[in-house]
Amino acid sequence: MTTFAELGVDQDIIDTLAARGIVDSFPIQEQTIPLSMPGQDIIGQAKTGTGKTFGFGIPLVQRLGPFPGPGVQALVVVPTRELAVQVYEDIDMLTTGRPTSVVAIYGGKAYEGQIEQLRAGAQIVVGTPGRLIDLAGQRLLDLSNAHEVVLDEADKMLDLGFLPDIEKIFQKVPEVRHTQLFSATMPGPIVALARRFMSNPIHIRASDPDEGLAQANIHHMVYRAHSLDKDEIIARILQARGRGKTVVFTRTKRAAQKLVDELSDRGFNAVAVHGDMSQEARERSMAAFKSGKRDVLIATEVAARGIDVDDVTHVINHTVPDDEKAYLHRVGRTGRAGKTGIAVTFVDWEDLHKWALINRALDLGQPEPKETYSSSPHLYEELDIPEGTKGRIATAPKTQTVRTPRMHRPGSAVDAAAEGEGGTKRRRRRRRADEAGTVGASFAPDAAADESEPEGGTPSAPEAEAEGIGTHDGSGREHRDGKPAAARRRRRRRRSGTGSPTPGA
DNA sequence: AAAAAAT
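Computed from a predicted structure; not experimentally measured.

With that settled, consider the UniProt feature "domain: Helicase ATP-binding" (unreviewed entry) in chain A. Per the UniProt record, "domain: Helicase ATP-binding" (unreviewed entry) is annotated on residues 33-204. The span residues 33-204 carries 40% helix and 17% strand; its end-to-end C-alpha distance comes to 11 Å.

Below, the structure written as structure tokens:
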């Protein structure tokens, strides 16, 4: 193992890293930092959770020098707002003790703060394409001196959805510059395309090409489950999983919303993140999940790439992801920095082919998924639930399965009973649309207030909570049911009892 | 086709 000092990293950055317990370098850092530091263009490829951010971040901070003058000299572009926040935090940490200042520029947020920081002379900008182009177009962001450019999740940034924006951004930065592209996945055609934006790049792969792209420390499992049984199986996995956090990926925003509602009703500590939520609610969910206040995150593809949360032990694919790249990034939320993780994928009948392609492309060696579900409750006990947990599954009370039919027949007597007082279908739906994903869970009511206090101060907790998810119903009401949020919280607390995550409690 | 990304 090479030390950071041997890689040419400045002592103050070494100290900053050490203060955070980071003393060992990762292979990608060892391979790219010495090349990147003197200005070599790099395409850096390394597995999920193996230190890519510092791989480009350290040279970037260091190349600006210890006392950079004011004005944007470095630009990092990322595909999602949450990743912008995370990368911003990482790079900001690297600048500790330097006058270098970093700003995150992304949508869904007030312009003022971001513009203010740019005016104050920020040197490093981390952002998402839309807002970057917006501010550049308004002459509020000057990229003409950004000689350092990074595309994080580079293959995503160069795919069809983002490419036009990326081309615009490259038109705004200097032609002579240092360009770094990083990702766990770099398909050949994308590498070819990438060369258009780089000069004599070196493509570094931090692992043996025949080794495969999948993390060896992730254990993969497949269930061929009927969609109506998925909630029940997920609940059982969550119950049996022990300490740690879980990310569940859904294909659609609506499915994410529905699942977070269902799991919250079952007493799990779940929050959601998806594009139909307000940015404030998205960030509140992420903060609660990162801090451990909530231990289940239900997410759409938005959280598939780059997001780094400690102690994620399980990733569950509620539906098979689009392709092997999506699979790799999703399951890469676990098994990070040398830890192990479990990846569970539900394969629907119509996804059998898609799954077979992923299984083969990544050489996962998974057998053909067997039909593991049944409408009969005991058959759940035959499920191969993730390691070390079978005993607990087998002893799970049978009565748990009573809750599954509620999903099948919304509005039934069971449904009304679960709602408690005044539970019409319509009211229930409204409550959920507003609430879930913001605080999500039905207990730990104090957390609702904690999570709605970002730095910089926002409205009082009730309003912040009530704002809920943005465009879901497009309303913007301050209250639902005509009751203030505090009263609603009391009602929910009563309904959900003590907060023990026991289904059927 | 869905999700993401400016308002």
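Another aspect to go through is the protein's contact with DNA strand B. Of all residues adjacent to DNA strand B, which total 22 residues, the nearest are Arg131, Lys253, Gly275, Arg282 and Thr300. Counting only the atoms of DNA strand B that lie within 4 Å of the protein, the sugar and phosphate share comes to 81%. Contact distances for DNA strand B include 3.0 Å between a phosphate oxygen and a backbone N or O atom of Gly130. Here a phosphate oxygen of DNA strand B sits 2.8 Å away from a polar atom, N or O, in the side chain of Thr300. Of all the elements, helix H6 (residues 129-137) adds the most residues to the surface near DNA strand B, at 4 residues. In terms of residue class, the surface near DNA strand B is made up of 5 nonpolar, 10 polar and 7 charged.

Counting 63 residues, the largest nonpolar core has Val9, Ile58, Val76 and Ile91 as its most contacted members. With 6 residues, the single largest contributor to this core is helix H4 (residues 81-94). When residues of this core are assigned to domains, at least three fall in each of domain 1 (11-211) and domain 2 (218-496). The next biggest cluster of nonpolar side chains, apart from the first, holds 36 residues, and it includes Ala146, Met157, Phe162 and Ala194.

Once that is clear, we can look at the pairing of strand E1 (residues 42-45). Residues Ile42 and Gly44 of E1 are buried on one face, and the alternating residues Ile43 and Gln45, pointing to the opposite face, are buried as well. Bridge count for E1 against strand E6 (residues 178-183) is 4 bridges, and the pairing is parallel. From the neighbouring strand, Gly44 faces E6, where its bridge partner is Phe182.

Calculation rules
- Residues numbered from 1 in each chain as written.
- Chains lettered and ligands numbered in written order.
- Predicted model: local features only at pLDDT ≥ 70, side-chain atom pairs only at ≥ 80, totals over all residues.
- Heavy atoms only, no water.
- UniProt positions renumbered as here; feature names shortened; annotations may be inferred.
- Helix = DSSP H or I, 4+ residues; strand = E, 2+ residues; numbered from the N terminus.
- Near = heavy atom within 4 Å.
- Polar contact = N/O pair within 3.5 Å; in protein donor to acceptor, adjacent residues only side chain to side chain.
- Nonpolar A, V, L, I, M, F, W, Y, C, P; charged D, E, K, R; others polar.
- Core = buried A, V, L, I, M, F, W, Y, C linked by side-chain atoms within 4.5 Å.
- Buried < 20%, exposed > 50% of the residue type's maximum accessible area, 1.4 Å probe, protein only.
- Domains from an automatic or database assignment.
- Pairing = 2+ DSSP bridges.

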